[in-house]
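Report on the structure
The chain contents come next:
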Amino acid sequence: MVAGTAREGGGSLKKLDHLQSLRFVAASMVVVDHAIETMVRRGALDTGFLQSAWFCGWAGVTSFFMISGLIMIRTSWTSFAVAGASATFAVRRIIRVVPLYWLATALFALVAASKGQFFTLEQVLKSLLFIPYALPGSVLIRPIAGQGWTLDYEMAFYALFVLCLLLHRRAGVAMLLAVPLLFVVIGTLARPMFPYRDAATPLQFWTDPIMLAFSIGVAIGIFEIRMPTWHRFRHSVAGSLAIYALIYWLCTLIDPGYRLPVYGVGCAVAVLLCTSADTGGNGPLGRLFVRCGDASYSTYLFHPFAIMALSVLWGHSPAALQSPILFIVVGVVAANALGILSYRLLERPIEHRLRVLVESRFSRMPVVR
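All of the points below concern the structure found in this document. Predicted, not measured: the structure shown is a model, and the values here were computed from it.

**Looking at the overall build of the protein chain**
- Looking only at helices and strands, the protein chain features 13 helices and two strands.
- Relative to the compact-globule value of 21 Å for 369 residues, the protein chain shows a C-alpha radius of gyration of 20 Å, a close match.
- Reported as C-alpha extents along the three principal axes, the dimensions of the protein chain are approximately 60 × 50 × 45 Å.
- Split into buried and exposed, the 369 residues of the protein chain put 51% on the buried side.
- Pairs at least 24 apart in sequence give 75% of the contacts found in the protein chain among residues at least 6 apart.
- By element, 69% of the accessible surface of the protein chain is carried by carbon and sulfur atoms, the whole surface being about 17,100 Å².

Put into structure tokens, the structure is as follows:
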């Protein structure tokens, strides 16, 4: 979940506004997922709506992973086998991801403690160190900050990327594409890919087919590097939304256990469409989408707090305002507003100060301006 940038000519980087806007869409789809689930738990929506919720969540996360792989390869294209590049990449990823996630974990632990739920030292350490595990009584692998399960995958791919940067580009790229596929193949020996089931053990977690989303993102990034101006579609985000609508319709026709190829192909097309060389953030709405995309990591981490607060207000609001649709819409707005606030007050200052600290010790690390 990093900023959308593209490499040009002499090595300068250009932000891809369409791709950044898609990060906003992906984060908002995750918010919609959890907002619908909240309404189902409150009895305001039928349980049949959970299928729609899970579609939004899976499509959002899959798109996030593809964008992550895409950005990593594009921003590191000239860094393979360069002295110090691997360490620099690792430090930047840690600075970018870990502090805010640890803060979110602490906040979730405090909320749980206020309700009489306390975590063991082992659970805390596994959550903080991105080691997958299932909480007692749960069949799903989730850390203390539940949405952090995706970061377990992110950090695993970061580790692979760090190793690949030590190699020459051809070998490094081959590993980025082949290793996740190899893991998935190994996983199918213990758990058939179809019908799909959520991972229940660490082995199933690390060999889950969703790991392929990173490799697909890498492949899209390589394609964009080779053909940076392959299209200049001005309405890429609208086109991606149409793709999501199409794959949602297709998913209604397919048994849930067999939807993985639809998610994979559909999200890949949506992401590829947003590699448009056209500048997509000129208008007020475009600029707003880009700003929300910048803050999408904060939105993703902290949106449950917005949903929880809104749920309390919803329960005490007049009957005329207790509309599930209104709750979902306001939830998306509130979550993104909280994300922007967190991005400006926490995420950017923390990242800047840590980079200044690192730059003072390691001259290879440029300071964020």
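**Here we look at the packing of aromatic side chains**
- Considering all chains together, one arrives at 22 aromatic pairs under this definition.
- On the numbers, 6.2 Å between centres and 85° between planes, the contact of F89 with Y158 is edge-to-face. Placement of the pair is F89 in helix 3 (residues 85-114) and Y158 in helix 5 (residues 149-164), with a sequence separation of 69 residues. For the pair F89 and Y158, one class covers both residues: buried.
- A centroid spacing of 6.5 Å and a plane angle of 50° characterise the contact between F157 and F161, whose relative ring orientation is tilted. Here the residue F157 and the residue F161 both occupy positions in helix 5, the gap between them amounting to four residues, near one helical turn. For the pair formed by F157 and F161, the shared burial category is buried.

**A short note on the nonpolar core**
- Within the largest apolar cluster, 95 residues are counted, with the highest numbers of intra-cluster contacts made by I73 and Y244.
- Beyond its immediate sequence surroundings of up to four residues, I73 is in contact with F80, F161, V173, L176, V218, G221, I222 and I225.

So, how was this worked out
- Residues numbered from 1 in each chain as written.
- Predicted model: local features only at pLDDT ≥ 70, side-chain atom pairs only at ≥ 80, totals over all residues.
- Heavy atoms only, no water.
- Helix = DSSP H or I, 4+ residues; strand = E, 2+ residues; numbered from the N terminus.
- Rg over C-alpha atoms; globule rule 2.2 N^0.38 Å.
- Buried < 20%, exposed > 50% of the residue type's maximum accessible area, 1.4 Å probe, protein only.
- Contact = heavy atoms within 4.5 Å.
- Areas by Shrake-Rupley, 256 points an atom, 1.4 Å probe, with all protein chains shown as cover.
- Phe/Tyr/Trp six-rings, centres within 6.5 Å; stacked < 30°, edge-to-face > 60°.
- Core = buried A, V, L, I, M, F, W, Y, C linked by side-chain atoms within 4.5 Å.

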